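What follows is each chain in one-letter form.
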Amino acid sequence: MNTYAKVIVDIKNDFCNDGFDYSIPESLKEFVGVGSRVLVPFGNQDLLGYVLEIKETSEYASNVKDIKEVLDYEKELTSSQIEIAKYITDRYYVSMVSVLELMIPSFLKGQKRKYIEVKDYDKLSPSLALLFNGKKRFPIDKRIEAVYEDIKKEIKKENITLNYDLYTYGNGKKRKEYYVGSDDIVDFKSQKRKYIYEYVKENPNVSEDNIITYLDCTYNLIREMCKDKTLKYHEVPIIYDENQALENISTYKWSYDDTLTLNRFLGSKKKKFLLHSNKEDFKINFYIKIIEESKKKGLPVLITCPTIMLEEEILMYLKRYLKGYKIYGNSSKNTKKDRYEVFMNAKYDNLDCLVTTHSGLFMPFEKLGAIIVVDEENPNYINENYPYYNGIDVLEKMSEIYDAYFIMTSISPSIDTYYKANKGEYELISANESRFGKNFEIIDMKEEILNGSSSNISDTLKKAMTSELEKGHQIMLLVSNKAYLGLMRCRNCGRVLRCPDCKLPLIYFKSKDYATCNYCGYKLHDYHTCPTCGGEMMGLSYGEEKISEEIQEMFPDKHVLDVNASLMNKQEDYTKALNDIEENNVDIIIGTNILSKRIKSDNIKLVAIINADMYLNSNGHKANEQTFNLVSKLNNKEHVIVQSFYPENRVLNLAAIDDYDTYFEEELENRKILGYDPFMEINRVTFTGDFKEIYHAANYFKKFYTKAVNENCLGPSYDSKVRGTKLILKHNDFDKVKYIVKDTKEKFKNLRVLVNYERNPKVI
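By convention here, each chain's residues receive numbers from 1 onward along its written sequence. Side-chain atom pairs in this predicted model are given and counted only at pLDDT of 80 or more, local residue features only at pLDDT of at least 70, and totals for whole chains, interfaces and linings cover all residues. Side-chain measures here rest on the full set of heavy atoms in the structure, leaving out hydrogens and waters.

Colleague: Would you mind showing me how to read the overall build of the protein chain here?
Modeller: The helix and strand inventory of the protein chain stands at 24 helices and 38 strands. In this scheme, a residue with accessible area under 20% of its type's maximum is buried, one over 50% is exposed, and one in between is partly exposed, where area comes from a 1.4 Å probe on protein chains only. Counting the 764 residues in the protein chain, one finds 52% classified as buried. Pairs of residues are marked as contacts when any of their non-hydrogen atoms sit within 4.5 Å. In the protein chain, once contacts between residues fewer than 6 apart in sequence are set aside, the share between residues at least 24 apart is 72%. Under the DSSP-based scheme used, a helix requires at least four consecutive residues in state H or I and a strand at least two consecutive residues in state E, with every element numbered from the N terminus.

Colleague: I keep staring at the sheet that holds strand S4 (residues 45-55) and nothing clicks. Help me out?
Modeller: Within a sheet, adjacent strands bond to each other through the backbone by hydrogen bonds, running parallel or antiparallel. Across the sheet, which stays open at both edges, the five strands sit in the order S2-S1-S4-S3-S5 with antiparallel pairing between neighbours. Two strands close off the open sheet at either side, each with one partner strand: strand S2 (20-23) and strand S5 (69-70). Sheet topology places strand S3 (residues 37-42) next to S5; two bridges connect them, and they run antiparallel. Looking at the pairing, Val38 lines up with Val70 of S5. Each pair of strands is called paired provided DSSP finds at least two bridges between the two strands.

Colleague: I tried to follow the environment of Val9 on my own but got confused; where do I start?
Modeller: Position of Val9 relative to the elements: it lies in strand S1 (residues 4-9). Overall, Val9 belongs to the buried group, its relative accessible area being 1%. Between the C-alpha atoms of Val9 and Val38, which are 29 residues apart in sequence, the distance is 9.2 Å. Contacts of Val9, omitting those with residues within four sequence positions, involve Phe20, Tyr22, Val40, Phe42, Leu47, Leu48, Gly49 and Val97.

Colleague: Sorry if this is basic, but what is going on with the packing of helix H9 (residues 280-296) against helix H10 (residues 308-321) here?
Modeller: The axes of two packed helices give the description: the angle between them and the distance between them. Every axis corresponds to a line fitted to the C-alpha atoms, with the helix fit spanning only the stretch in contact, and the corresponding angles, defined between N-to-C directions, vary from 0 to 180 degrees. Direction vectors running N to C along H9 and H10 enclose 60°, while the axes themselves pass 11 Å from each other. Judged by the inter-axis angle, H9 sits oblique to H10. Judged by the sense of rotation from one axis to the other, the crossing of H9 with H10 is right-handed. Counted together, Ile284, Tyr287, Ile288 and Ile291 of H9 and Ile314, Tyr317, Leu318 and Tyr321 of H10 form the full contact between these two elements. Per-class residue counts for the contact of H9 with H10 are eight nonpolar, no polar and no charged. For classification, angles of less than 35 degrees are called roughly parallel, those exceeding 145 degrees roughly antiparallel, those between 65 and 115 degrees roughly perpendicular, and all remaining angles oblique. Less than a right angle of anticlockwise turn of the near helix away from the far helix marks a crossing as left-handed, whereas a clockwise turn marks it as right-handed. Under the convention adopted here, Pro, Cys and the residues Ala, Val, Leu, Ile, Met, Phe, Trp and Tyr are nonpolar, Asp, Glu, Lys and Arg are charged, and Gly plus all remaining residues are polar.

Colleague: How do you make sense of the pattern of salt bridges when you look at a structure like this?
Modeller: Charged atoms that come close allow side chains of opposite charge to pair. Salt bridge, as used here: a side-chain nitrogen of Lys or Arg that lies within 4 Å of a carboxyl oxygen of Asp or Glu. Summed over the entire model, instances satisfying the criterion amount to 35 salt bridges. The shortest N-O distance in the salt bridge between Glu280 and Lys283 comes to 3.4 Å. Residue Glu280 and its partner Lys283 are located together in helix H9, separated by three residues, close to a single helical turn. On the basis of relative accessibility, which here comes to 2%, the residue Lys283 falls in the buried class. A salt bridge links Lys296 to Glu293; the shortest N-O distance between them is 3.2 Å. Highlighted residues: Lys296 and Glu293, both in helix H9, separated by three residues, approximately one helical turn. Within this structure, Asp416, Lys622, Glu625, Glu667, Arg671 and Asp677 form a network of salt bridges that share partners.

Colleague: Teacher, can you tell me more about the packing of helix H13 (residues 415-423) against helix H22 (residues 660-674) here?
Modeller: Orientation of H13 relative to H22, taken along the N-to-C sense of each, is 100°, at an axis distance of 11 Å. Taken together, the axis directions place H13 and H22 in an arrangement best described as roughly perpendicular. Along the contact surface, H13 presents Ile415, Asp416, Tyr418, Tyr419 and Asn422, while H22 presents Tyr660, Asp661, Tyr663, Phe664, Glu667, Leu668 and Arg671. Partitioning the contact of H13 with H22 into residue classes produces seven nonpolar, one polar and four charged.

Colleague: How should the pairing of strand S35 (residues 681-688) be read in this particular structure?
Modeller: Each regular strand displays side chains that alternate between the two surfaces of the sheet. Counting buried residues in S35 gives seven out of eight residues, a clear majority hidden from the surface. Bridge analysis of S35 against strand S37 (residues 724-731) gives seven bridges, and the strand direction is antiparallel. Within S37, the residue paired with Phe687 across the bridge is Thr725. With five bridges joining them, S35 and strand S38 (residues 754-758) adopt antiparallel strand pairing. Bridging across to S38, Arg684 finds its partner in Glu758.

Colleague: Just checking my understanding: could you explain the packing of aromatic side chains for this structure?
Modeller: Aromatic rings in a pair are described by how distant their centres are and how their planes are angled relative to each other. Ring pairs shown here join Phe, Tyr and Trp side chains whose ring centres sit within 6.5 Å, with only the six-membered ring taken for Trp; geometry is labelled stacked below 30 degrees between planes, edge-to-face above 60, and tilted in between. Here the structure, examined in full by the defined rule, presents 28 aromatic pairs. Look at Tyr317 and Tyr321: their rings are 6.2 Å apart centre to centre, the planes differ by 25°, and that puts the pair in the stacked class. Linking Tyr317 with Tyr321, this pair stays in helix H10, spanning four residues, or about one helical turn. Put simply, the rings of Tyr252, Trp254, Phe265, Phe273, Phe282, Phe286 and Tyr405 touch in pairs and so form one group of aromatic residues. Either the NZ atom of lysine or the CZ atom of arginine qualifies as a charge over a ring when it sits within 6 Å of the ring centre and within 35 degrees of the ring normal. Above the face of the Tyr233 ring, Lys176 is positioned so that its terminal group lies 4.7 Å from the ring centre. Directly above the ring of Tyr676 sits Lys730, whose terminal nitrogen or CZ lies 4.5 Å from the centroid.

Colleague: What am I meant to see in helix H5 (residues 191-202) here?
Modeller: For an α-helix, 3.6 residues make a turn, and residues three or four places apart therefore share a direction. With twelve residues, H5 should cover 16 Å at 1.5 Å per step; its first-to-last C-alpha distance of 17 Å lies within 8% of that length. Listed as buried for H5 are Arg193, Ile196, Tyr197, Tyr199 and Val200. The buried residues of H5 occupy an angular sector of 165° when projected down its axis, which confines them to one face. One less than the number of residues in a helix, times 1.5 Å, gives the span that helix is expected to have. Note: the arc covers the axis-to-C-beta directions of the helix.

Colleague: What should I look at first to understand unusual backbone geometry in this one?
Modeller: Leaving glycine out, the prevailing phi sign among residues is negative, and the prevailing peptide bond configuration is trans. The linkage connecting Tyr386 with the following residue, Pro387, adopts the cis geometry, with an omega of 0°. The omega torsion across Asp677 and Pro678 is 15°, close enough to zero to call that bond cis. Relative to the elements of secondary structure, Pro678 occurs in the loop between H22 and S35. In this structure, Tyr93 is a non-glycine residue whose phi angle is positive, near 50°. The class of Tyr93 is buried, set by a relative accessible area of 9%. Positive phi values are uncommon outside glycine, yet Asp349 reaches one of about 55°.

Colleague: Sorry, what's going on with the sheet that holds strand S33 (residues 604-609) here?
Modeller: The strand order S24-S34-S33-S25-S32-S31 describes an open sheet built from six strands, whose pairing is parallel. Pairing within the sheet leaves two strands with one partner each, and these edge strands are strand S24 (439-444) and strand S31 (560-563). Direction aside, neighbouring strands of the sheet carry axes that sit 15° apart on average. Pairing of strand S25 (residues 474-478) with S33 involves five bridges; the strand directions are parallel. Note on S33: the bridge partner recorded for Met476 is Val607. Contacts between helix H15 (residues 459-470) and the sheet are confined to S24, S25, strand S32 (588-591), S33 and strand S34 (639-644), with S33 contributing the most and set at about 165° to the helix.

Colleague: Would you take a moment to explain the pairing of strand S17 (residues 327-330) for this structure?
Modeller: The alternating pattern of S17 places Ile327 and Gly329 and Tyr328 and Asn330 on opposite faces, both of which are buried. In terms of strand pairing, S17 meets strand S18 (residues 353-356) through four bridges, oriented parallel. Its bridge partner being in S18, Ile327 is matched across the sheet by Cys353. Seen with its strands pointing away from the viewer, a crossover is right-handed when the path leading from the first strand over the helix to the second is clockwise. Handedness of the S17-helix H11 (residues 336-347)-S18 crossover: right-handed.

Colleague: Help me understand helix H23 (residues 691-709), please; the structure alone is not making it clear to me.
Modeller: For H23, with 19 residues, the first-to-last C-alpha span of 27 Å sits near the 27 Å given by 1.5 Å per residue. All buried positions along H23 are accounted for by Ile694, Ala697, Ala698, Phe701, Tyr705 and Val709. Projection of H23 onto a plane perpendicular to its axis shows the buried side chains occupying an angular sector of 100°, all on one side. H23 presents Lys692, Lys703 and Lys707 as exposed residues on the side facing more than 90 degrees away from its buried surface. Where the residues of H23 are buried, they touch S35, strand S36 (713-719), S37 and helix H24 (734-748). By the criterion applied in these results, polar contacts are pairs of N or O atoms within 3.5 Å in which, for protein atoms, one can donate a hydrogen and the other can accept it, and in which residues neighboring in sequence qualify only through two side-chain atoms. By the N-cap criterion, in which a side-chain oxygen at the helix start approaches the backbone nitrogen of a residue two or three places on, H23 is capped by Asp690, the distance to Lys692 being 3.2 Å. Downstream of H23 by one or two residues, Asn710 has phi in the positive range, about 60°.

Just distances and angles here, no functional claims.
Written out as structure tokens, the structure reads:
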């Protein structure tokens, strides 16, 4: 009987999302299944394909070609992953093959398995011994098809490993154990290094996790001490003892309210939750309870984080408190070997918890007990590269596929999510502590100017900084951009310096002595005089460079650290900065709001936002939401100062007292009046190609859309970032919009106009 496979071929076009039928040759039937990667003939070439379905009939049977080769003798995609891929394809109208590529990790892409390697030849089964014929290595080809089941058994017995071009993946994961490099007196760079040295000297062969647990330091600092040979290490194999006792050694004291919150979750019949809490210790221990409960059922837990720094912090706490549990971390900082280790443990159900960033969203789990989304309001969950999708939507769908609990957590939830929770789509669990009475100040910068000040640092902030520095404490200052001047305008005619290509305002970097465009990199060295009238150019907004210069003049004897991408070109620069902060080698840290969220230093007592108005007036309808989120996250610091020319601003004042519910009601009403989410869906469509044709295509789309959907759209306008035109859509009829996108793509394909549709754009 003939057997057919529906295959998605490697052509990144949504017109190919339905797939093509191919016949499975008799010799390959045992090895081709749903999730297999295969090589198939397509036109005049052979292409990679993904098998989505196996069936006994095909309406194209008389015309169907054969699958030529199986690329993976062990299926790389699970049925759950394929279901998730179908969901993303349908929901976001993207090409299916682009989504399937997300499911295959980078270490498996673009290369076939080259050979298998035997550890102990004498333990091989007779059939394999005959095939190998005395060789330690054997290439993977069609000869192994007849003995495939025997090979799988040897892999499970750890007698065979799979090898690639450059790396060997499989067993052999090792742990570093540390000892001191010398008994001689060491000149330590900081007190914390001395504590680490003394602890390791008293506890030789101690693990990295134990050092971090007992001394509350970071991985980076231990690695730096190894570089200067203060510490040394050797590696030992990690051997998991399945009979090891599981233990939670957290000393967190559960309050009565905490216990009620936990019991409400455990006793609920619902599967989807929003945990609204500003108590970080409670949330960590809440995660621990979920892991413990899932472990009892034999189900792993997936915890997703928006940043690497947050992933490392949560991973550290879980490893510290949960002994005997198999807890793994995954992010872009992991080596290929580490990522493979995590991948295989997820695939073969050999972990209890995975803490990951966006890069680990599509691990090949066979089952899941719970999915936890940390800081759900963070825009990093939106994938802004093709294929576009919202990671939180995908995780929610995954929870339905795996029948797992879905728990989102946040100090300041997004308006969309809190709105859904209030409608009953998620069960809302609140666990907040009052921060009223904290030392939080909003400084009126208009008063500073009226009093004759020309500084960007208010008198109040300067006095507070002086006081904290005298106590030996650290200070963090937040600015909205890294330039010296954020906007340059002529004093005479008012012209703003703009990029000739992108038409966006240029920003000035004093350290590089030029004005530049943030989008295309255009540079202008003659920025002093106006190109229109010859007048003098003046700065209207200030960035990190300007603030740093001013602070250095104000406190000349203090160590000021600037943290931004321009100054830190290598990972080593970033690591050194974090180490200097941790070891109290810097006094004042100046950076953007991204750095503020997770810096491991209890010695930072004062945090200040230099110009909150730059956040409030940023582009996009979510400026208020993002400002409230930023300010509310700083409320756990001992002293917070926010500088603004509009100190009466409602968002700032509600964030200062942590009144999220009032802020939510007011912001929701504004969005309802203006027709924004959650009341209407916001999409972006861009058109790139020939200049005349992209406006033609955009206006064609707008006319069709206005008539079919009966809603207006914004644009077309020129988007310098994509070098094309864009439309902003507000509607509640996705099916019609998808049809219009498809029609426009078809109509303008011969004119080489690329139509790009984003259902959940990160910015509009």
